[in-house]
Amino acid sequence: GGALWRETVYWICTFCNNQYKLQEEMGKTWSDSSFYLALSSGCLRGTCMVIDERALPLTRSWCLFELLQTFLLTDQPADGDTVQVSFLGLLLCSSTGVLNTGQASVDVSLGIGRRLSSLRLEDAQASVAADKEMIDNLVVQQMGSFSAINHKLMSNLRAALKAAQDATNAEFATLMTGAAPAV
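A brief look at the structure comes next. None of the values given here were measured: they were computed from a predicted structure. (Residues numbered from 1 in each chain as written. Predicted model: local features only at pLDDT ≥ 70, side-chain atom pairs only at ≥ 80, totals over all residues. Heavy atoms only, no water.)

Now for the overall build of the protein chain. Regarding its fold elements, the protein chain presents seven helices and three strands. Starting at the N terminus and ending at the C terminus, the protein chain contains elements arranged as α-α-α-β-α-β-β-α-α-α. When each of the 183 residues of the protein chain is scored for burial, the buried share is 36%. Of the contacts formed within the protein chain by residues at least 6 apart in sequence, a portion of 69% connects residues at least 24 apart. About 11,000 Å² of surface is accessible on the protein chain, with carbon and sulfur atoms providing 57% of the total. (Helix = DSSP H or I, 4+ residues; strand = E, 2+ residues; numbered from the N terminus. Buried < 20%, exposed > 50% of the residue type's maximum accessible area, 1.4 Å probe, protein only. Contact = heavy atoms within 4.5 Å. Areas by Shrake-Rupley, 256 points an atom, 1.4 Å probe, with all protein chains shown as cover.)

Looking now at the pattern of salt bridges. Opposite charge on two side chains permits them to pair, given that their charged atoms come into close proximity. Taken as a whole, this structure holds six salt bridges when the rule is applied. The residue Asp 52 makes a salt bridge to Arg 54 at a minimum N-O spacing of 3.8 Å. Taking relative accessible area as the criterion, Arg 54 reaches 52% and is therefore assigned exposed. Close ionic contact of Lys 132 with Asp 136 constitutes a salt bridge, the shortest N to O distance being 2.8 Å. One end of the pair, Lys 132, and the other, Asp 136, are both in helix α6 (residues 129–143), four residues apart, so they sit about a helical turn from each other. For the pair Lys 132 and Asp 136, a shared accessibility class is recorded, and that class is buried. Through salt bridges with shared partners, one network takes in Arg 120, Glu 122 and Asp 123. (Salt bridge = Lys/Arg side-chain N within 4 Å of Asp/Glu carboxyl O.)

Function cannot be read off these values alone, since they describe shape.
Structure (structure tokens):
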């Protein structure tokens, strides 16, 4: 019922990291970072990536790190020590709705689809070169290659675009049925 919203946890990295003390927030290793600690807590329902047609989050190395951790969590069954509540994986959220559920507009869905179809995650950048190197090495270590994580992103994108297409087709079908002249 009504009290369940109190048990729902959202990680919004912009608000959860002290932007004036980022070095302290990041920890000494990637597994000490606030990103990793939040994503591996077992309390999250999913990763909401706020994205537009430019897909700027996916050009940043730390966002790539969050994407990697999200994919690893999605593929990993919950263990006995962690309460992993029905993890939804990556949700692509736009100003018009969530792509994965077919709620984003057609224009936004197509724009994001076009941008992600040419995006290479290995081109992501960080303001600290050592962070980029560490995250790039982690991607290769945990996914095997950048090709694998690019493929995983494209697989998620295809599913999201399919949901958008299905929702749009259903809406058109409803309109067409309602627009039919009475006989």
